[in-house]
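A closer look at the structure
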Amino acid sequence: MRELYETRGREAGAQNNDNPQRENLLETVQSPLHSDPWRPQRRTHLLVKGWLLRLRGYLCCVCGMEWYCYVALGISTATLSYAMDVSVTKLIRAHKWLYRNLEGNSLLQFLCWTLYPACLCAVAASFSDSICPFSTGSGIPEVRTMLSGVQMPHSSSLTNLFAKSLGLACTLAAGSTVFLGKVGPFVHLSTMVARYLSKMCSLISEDYQVKSGGEMLTAAAAVGVSSCFGAPVSGVLFSMEVMSSHFALNNYYPCFFTAACGALTFRLFSVWSGEEETLQALFQTNVSTTLHFLPVEILLFIFLGLLCGVVSCCYLCCHRRMLEFTKTNSLLIKMLTTEKGLYSGVVVFLLASVTFPNCAGSFMASEYTTKQLLTSLLDDTLWTSVSRNASVQVPPAPPLQWGSSQFPAFLSLAVFLIMKPWMLLLSCTLPLPAGFVMPVFILGAALGRLLAEVVHLCSTTNVNPAGYALAGASAFSGAVTHTLSPALLAVELTGQFSHAVPVLIATLIANAVARRGNRPSFYDALSISKRLPHLPSLMLASPQLSMTPVGRVLDGKTFHLQISAGFEEIRLAVNTGTQTQIPVVDSHGSPIFLGFVLRSELLTCRGKAAEKRLEELCHIHQDTVQVSPHVTVQEAHRILNITGAQTLFVTEAGRLVGLITQQGMKRILEDLAKEI
């Protein structure tokens with residue numbers, strides 16, 4: 001038997017020697033697809049991988065692999081958005097069908113109206129907390145932190161993607177009772193999809209992660225907005241304003257390309273499903289092209305901008321107080337820690353009781369969905385004219401649900417504007433995946449609509465209420481988020497360009513009022529409350545952070561190598577250090593900074609001759625980014641973001657003082673957040 005094995009071994013060796021070309025072929029293929037071939041059915045797997053490599057070659061002949069990833073990101077995000085809209089619509093229709101079939105029994109209708117959304121939100125809170133506790137909330141503060149260079153693996157995990165998707169669907173199915181949207185969570189979902197697409201594409205193309213890893217996340221933030229509304233331009237502007245503290249110009253075209261793919265796919269789904277005949281704006285309005293605004297109405301739009309700015313300041317102040325209350329009240333802390341499902345169910349039951357249609361809900365158009373609310377507020381019919389001439393027979397229209405012969409439209413709008421803000425503040429405390437852009441957008445539309453109705457009632461002048469509603473929506477939402485993108489979003493959502501200038505003027509004035517005194521925006525307040533390492537938000541809470549020098553927050557334990565380091569010192573650096581770039585100094589007694597060596601090179605050189613020194617074994621890189629210890633944390637953070645450097649070397653008079661890595665900057669910001 002032994003001789004038989006030896007004979008087979010010699011035959012196998014001879015066969016391998018006869019096929020040197022096959023070995024050379026396998027050695028020349030350096031793709032990760034061949035780096036770790038599977039043992040079972042190896043030949044089949046190698047054949048499949050070879051075809052994949054050939055397909056990659058054909059695709060790369062047309063354009064870079066990253067552009068196919070952008071297309072895949074836009075299509076997948078739009079598909080997820082449309083699938084969620086369809087699911088939510090079916091759940092809301094089921095709720096309304098059950099409610100209407102119980103007509104005649106007020107008690108059963110009340111229980112149906114309140115328990116349905118309460119159970120959905122309780123299930124969403126419990127499910128999200130058990131699967132992934134990081135899936136609650138908007139998600140935009142976490143995405144902003146990741147785009148600033150901080151690694152947050154728990155916020156982009158696969159379990160978070162699954163938990164946030166199902167939790168958001170349940171939250172939206174609660175309807176206008178909870179009065180929450182999907183923009184923020186969907187931006188977070190799109191970044192998770194982008195992260196996994198980026199990992200998949202890095203298996204196909206080796207240099208993809210280096211070339212387009214950061215661009216993918218920035219484009220994901222834009223496509224998250226465009227896939228919700230079919231508005232690509234405002235999605236890119238939103239990504240520039242809210243998500244990125246430093247927007248690189250090389251991200252400009254990928255963001256537009258990805259957002260256009262997502263918006264086009266999202267709108268095409270509506271055509272393919274038969275909901276629409278052709279591509280059109282998401283919120284169709286019937287604004288007459290002959291009813292433009294008069295020059296004197298510019299003063300009214302300026303006043304509307306001031307009004308929205310003042311109201312937004314009051315709202316943001318109450319929002320910050322509510323966040324502080326949830327962090328200091330012992331009962332709320334206990335419930336939000338251990339009984340999230342119970343807390344969500346109780347709060348939603350309270351909100352649903354207030355919006356019961358047979359009670360106070362009849363004054364708030366509570367039977368409308370979020371889309372129906374905005375569509376009715378953007379109607380160009382003056383409700384005061386209809387209310388004052390109720391004897392005239394007019395065809396029934398959904399906006400008339402805001403008023404009737406028993407109570408005027410003013411009362412409904414006033415009750416809506418009084419009740420919905422505090423209900424939205426209470427909804428912000430719910431541990432649910434939820435967005436807040438669309439609710440404040442609708443509140444602003446109601447405020448602008450009310451102003452138009454008052455102007456018409458007092459002066460009997462024909463004004464366009466839809467234009468005032470658009471201006472109020474963009475001004476209020478822009479003031480709350482400290483952005484100008486809602487002005488463009490209002491135009492893209494409705495396709496109405498006649499009031500583009502008044503909308504922009506109102507949004508600018510509202511932003512000027514809301515930003516006065518460096519007040520934090522809605523998302524900044526969330527980042528501060530969660531103590532996320534996002535420096536722009538932390539500086540709004542503590543302006544003295546902008547003057548904090550790097551030398552004061554540096555960790556004194558900096559491992560470095562001297563240029564004449566021997567085998568033992570190199571081995572110690574490899575075994576104990578974790579940094580990818582290890583600084584090299586002249587000597588330990590005189591730490592004159594000379595450059596750095598890569599940890600990967602030290603691992604390669606570790607097996608070489610033990611008598612050689614560091615300068616003989618490795619290449620010392622001198623293309624370093626150096627800063628002074630007197631540089632502020634803000635400036636160091638900006639340098640890391642703009643240059644994309646892995647390490648900042650802190651030197652003074654040529655001597656090494658310390659270093660700052662991306663993880664080190666995260667630790668510094670976390671420590672500063674604890675001091676606030």
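Going by the structure above, here's the rest.
One structure accompanies this document, and this report is about it. Keep in mind the model is a prediction, meaning the values are calculated, not measured.

Focus: the nonpolar core
Within the largest apolar cluster, 121 residues are counted, with the highest numbers of intra-cluster contacts made by Phe229, Tyr315, Trp402, Phe416 and Phe522. Broken down by element, this core gets its largest block of residues, 13 residues, from helix α18 (residues 437-459). Non-local contacts of Phe416, meaning those with residues more than four positions away in its chain, are made with Phe179, Phe363, Met364, Leu373, Trp402, Pro421, Ile442, Leu443 and Ala446. Ranked by size, the runner-up nonpolar core spans 20 residues in total, among them Met539, Leu640, Leu648 and Leu672.

Here's the deal with unusual backbone geometry
Even without a glycine there, the phi angle at Phe179 is positive, about 60 degrees. For Phe179, the location among the structural elements is in the loop between α7 (158-173) and α8 (183-204). What makes Phe179 buried here is its relative accessible area of 3%. Even without a glycine there, the phi angle at Arg531 is positive, about 55 degrees. In this structure Arg531 comes out as partly exposed when scored by relative accessible area, which is 41%.

Structural notes on the packing of aromatic side chains
One pass over the structure, following the stated rule, counts 19 aromatic pairs. A ring pair is formed by Trp67 and Tyr253, whose centres lie 5.5 Å apart and whose planes are at 70 degrees; its orientation type is edge-to-face. Separated by 186 residues along the polypeptide, Trp67 in helix α4 (residues 65-101) and Tyr253 in helix α11 (residues 252-272) bring together distant segments of the chain. A ring pair is formed by Tyr253 and Phe257, whose centres lie 6.5 Å apart and whose planes are at 15 degrees; its orientation type is stacked. In this pair, Tyr253 and Phe257 are both assigned in helix α11, four residues apart and thus about one turn of the helix distant. Tyr253 gets classed as exposed once you look at its relative accessible area, which sits at 55%. Overall, the relative accessible area of 28% leaves Phe257 in the partly exposed class.

Thresholds applied
- Residues numbered from 1 in each chain as written.
- Predicted model: local features only at pLDDT ≥ 70, side-chain atom pairs only at ≥ 80, totals over all residues.
- Heavy atoms only, no water.
- Core = buried A, V, L, I, M, F, W, Y, C linked by side-chain atoms within 4.5 Å.
- Buried < 20%, exposed > 50% of the residue type's maximum accessible area, 1.4 Å probe, protein only.
- Helix = DSSP H or I, 4+ residues; strand = E, 2+ residues; numbered from the N terminus.
- Contact = heavy atoms within 4.5 Å.
- Phe/Tyr/Trp six-rings, centres within 6.5 Å; stacked < 30°, edge-to-face > 60°.

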